[in-house]
Amino acid sequence: MVETRKIGVVGAGTMGNGVAQTFAVAGFPVVMRDLTQAALDRGMKTIKKSLDRMVSKEKISAQDAEQALARIHTTTSTSDLKDSDVVVEAILEDPEIKAKLIQELDGICRPDAIFATNTSSISVTRIAASSSSPQRVIGMHFFNPVPLMQLVEIIRALQTSDEVCETIVKLTETIGKKARVSKDSYGFVVNRVLVPMINEGINCVYEGLATPEDVDAMMKLGANHPMGPLSLADLIGLDIVLDIMQTLYNGFDDPKYRPSPLLKQMCDAGYLGRKSGRGFFSYEAHA
């Protein structure tokens, strides 16, 4: 089993900065890379705000927060990841862009370094195939918000070695998360169940069965969901929901995964949820 001492994170966006924060709080030195310094600065600002909230809620001490922040180093150069034992990529959900990154890491990192993809639905086997050492590629799917959500889906590509899987499961537990392993399949387990449910909630609005408010209320009251499916869609981002549905639809070639016409229309309109200020509900005051 590979001993993990240093973590690389590629991507300083919502998922990437959350992953970097989680590892740093757990005591790991982290190198976080993004394409621009502006993106890195935004990521670090988000991390600081998150750590401050944790301090205010007495989940960690102010000293622990300060030390965690100091463990994160930022860079725009992929070569600065060369000493990482594990590199977690949290970049665009585009298989070609991910493949290009894996190939770049192949030429930089040590032969025993592990590459973990945070993809939410793309085939990990396909991503692994782009590496000259595909046995070291694995899925490590965190959930948003990363510092708070307990589950990490560990996805074994067809090529992933037993040693790599065991190392990542152990690492996940070391940072205080719950690891659950699944085989590689489009959407894995959580999104394969969750996102089609959200899509059906959207169809209920599209077909005029109920308002968004009532769809959410019914699922909260009748299925004991803490958040309604349409509020959850707004939180995730309707563009991401559409992307996952399209991946399921194309991957399985099954009409049951066809994205709702209303979902497509809202994305065309730029109504993407919280991040755009408007989705199924309005967030203009918070945008």
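Residues numbered from 1 in each chain as written. Predicted model: local features only at pLDDT ≥ 70, side-chain atom pairs only at ≥ 80, totals over all residues. Heavy atoms only, no water.

An unreviewed UniProt entry lists the chain under the name 3-hydroxybutyryl-CoA dehydrogenase, from Methylocystis bryophila. According to the UniProt record, the Sequence similarities (unreviewed entry) comment for the chain reads "Belongs to the 3-hydroxyacyl-CoA dehydrogenase family." (UniProt positions renumbered as here; feature names shortened; annotations may be inferred.)

Enquirer: Break down the packing of aromatic side chains for me, with residues and values.
Expert: One pass over the full model with this rule turns up four aromatic pairs. Here Phe 23 and Phe 142 contribute two aromatic rings whose centre-to-centre distance is 6.4 Å and whose plane-to-plane angle is 70 degrees, an arrangement assigned as edge-to-face. Here Phe 23, found in helix H1 (residues 14-25), pairs with Phe 142, found in the loop between strand E6 (137-141) and strand E7 (151-156); they are 119 residues apart in sequence, far enough to count as distant. The exposure class of Phe 23 is buried, given its relative accessible area of 0%. Through successive ring pairs, a cluster of aromatic residues spans Phe 23, Phe 28 and Phe 142. Over the face of the ring belonging to Tyr 271 we find Arg 278, whose NZ or CZ atom lies 3.9 Å from the ring centre. (Phe/Tyr/Trp six-rings, centres within 6.5 Å; stacked < 30°, edge-to-face > 60°. Helix = DSSP H or I, 4+ residues; strand = E, 2+ residues; numbered from the N terminus. Buried < 20%, exposed > 50% of the residue type's maximum accessible area, 1.4 Å probe, protein only. Lys NZ or Arg CZ within 6 Å of the ring centre and 35° of its normal.)

Enquirer: Break down the UniProt feature "domain: 3-hydroxyacyl-CoA dehydrogenase C-terminal" (unreviewed entry) in the chain for me, with residues and values.
Expert: On the UniProt side, "domain: 3-hydroxyacyl-CoA dehydrogenase C-terminal" (unreviewed entry) is annotated at positions that read residues 187-283 here. Note that residues 187-283 is 63% helix and 0% strand, and that its end C-alpha atoms are spaced 28 Å apart.

Enquirer: So what about the side chain of Ser 120? Which residues, and what values?
Expert: Relative to the helices and strands, Ser 120 resides in the loop between strand E5 (114-117) and helix H5 (124-128). Judged by its relative accessible area of 11%, Ser 120 falls in the buried class. Apart from residues lying up to four places away in sequence, Ser 120 is in contact with Glu 93, His 141, Gly 187, Phe 188, Asn 191 and Ile 244. (Contact = heavy atoms within 4.5 Å.)

Enquirer: Please provide a residue-by-residue account of a positive patch on the surface, values included.
Expert: The grouping of Lys 45, Lys 49, Arg 53, Lys 57 and Lys 59 at the surface amounts to a positive patch. By the secondary structure assignment, Lys 57 is in the loop between helix H2 (37-56) and helix H3 (62-70). (Patch = residues over 30% accessible without salt bridge, like charges linked within 9 Å, V, L, I, M, F, W, Y side chains within 5 Å. Areas by Shrake-Rupley, 256 points an atom, 1.4 Å probe, with all protein chains shown as cover. Salt bridge = Lys/Arg side-chain N within 4 Å of Asp/Glu carboxyl O. Lys, Arg positive; Asp, Glu negative; His and termini not counted. Charge placed at Lys NZ, Arg CZ, Asp CG, Glu CD.)

Enquirer: I'd like a description of the pattern of salt bridges, backed by residues and values.
Expert: This structure, assessed with the given rule, holds nine salt bridges. Of the charged contacts, one joins Lys 275 and Asp 239 as a salt bridge, the two residues approaching to 2.9 Å between their closest N and O atoms. On the criterion of sequence distance, the pair formed by Lys 275 in the segment after helix H11 (261-269) and Asp 239 in helix H10 (residues 238-252) is long-range, its members being 36 residues apart. Where salt bridges share partners, they join Asp 85, Arg 110 and Asp 112 into one cluster.

Enquirer: Hey, could you go over the domain arrangement of the chain for me, with residue numbers and the actual values?
Expert: Split by domain assignment, the chain resolves into domain 1 (7-183) and domain 2 (192-276). One C-alpha centre belongs to domain 1, the other to domain 2, and the line joining them spans 27 Å. (Domains from an automatic or database assignment.)

Enquirer: Residues and numbers for the UniProt feature "site: Important for catalytic activity" (unreviewed entry) in the chain, please.
Expert: With numbering matched to this structure, UniProt assigns "site: Important for catalytic activity" (unreviewed entry) to His 141. One can find His 141 in strand E6. By relative accessible area, His 141 is classed as buried at 4%. Each residue touching His 141, except ones within four places of it in the same chain, is listed here: Thr 117, Asn 118, Thr 119, Ser 120, Leu 151, Val 152, Glu 153, Ile 155, Phe 188 and Asn 191.

Enquirer: Can you break down the nonpolar core residue by residue, with the values?
Expert: Core analysis: the largest hydrophobic core is formed by 38 residues, its most contacted members being Phe 23, Met 32, Met 140, Phe 142 and Ile 154. Setting aside residues no more than four positions away along its own chain, Phe 142 makes contact with Met 15, Val 19, Phe 23, Val 88, Asn 118, Leu 151, Val 152 and Ile 175. The next biggest cluster of nonpolar side chains, apart from the first, holds 23 residues, and it includes Val 195, Ala 210, Leu 230 and Ile 244. (Core = buried A, V, L, I, M, F, W, Y, C linked by side-chain atoms within 4.5 Å.)

Enquirer: So, the environment of Asp 83: which residues are in play, and what are the values?
Expert: Tracing the sequence through the fold places Asp 83 in the loop between strand E3 (72-75) and strand E4 (86-89). Asp 83 sits in the partly exposed class, given a relative accessible area of 42%. Spatially, the C-alpha atoms of Asp 83 and Cys 165 are 20 Å apart, while their sequence positions differ by 82 residues. Beyond its immediate chain neighbours, meaning those up to four positions away, Asp 83 contacts Lys 6 and Arg 110.

Enquirer: Report on the packing of helix H7 (residues 190-206) against helix H9 (residues 229-236), specifying residues and quantitative values.
Expert: Viewed as axis vectors pointing N to C, H7 and H9 meet at an angle of 115 degrees, and their least axial separation amounts to 9 Å. On the basis of the axis angle, H7 is roughly perpendicular to H9. Here H7 runs over H9; the crossing is left-handed. Between H7, through Leu 194, Met 197, Ile 198, Gly 201, Ile 202 and Val 205, and H9, the contact on the second element is made entirely by Pro 229, Leu 230, Leu 232, Ala 233 and Ile 236. In terms of residue class, the contact of H7 with H9 is made up of 10 nonpolar, one polar and no charged. (Axes fitted to C-alpha atoms, helices over the stretch in contact; angles between N-to-C directions. Parallel < 35°, antiparallel > 145°, perpendicular 65-115°, else oblique. Left-handed = near helix turned anticlockwise from the far one by under 90°. Nonpolar A, V, L, I, M, F, W, Y, C, P; charged D, E, K, R; others polar.)

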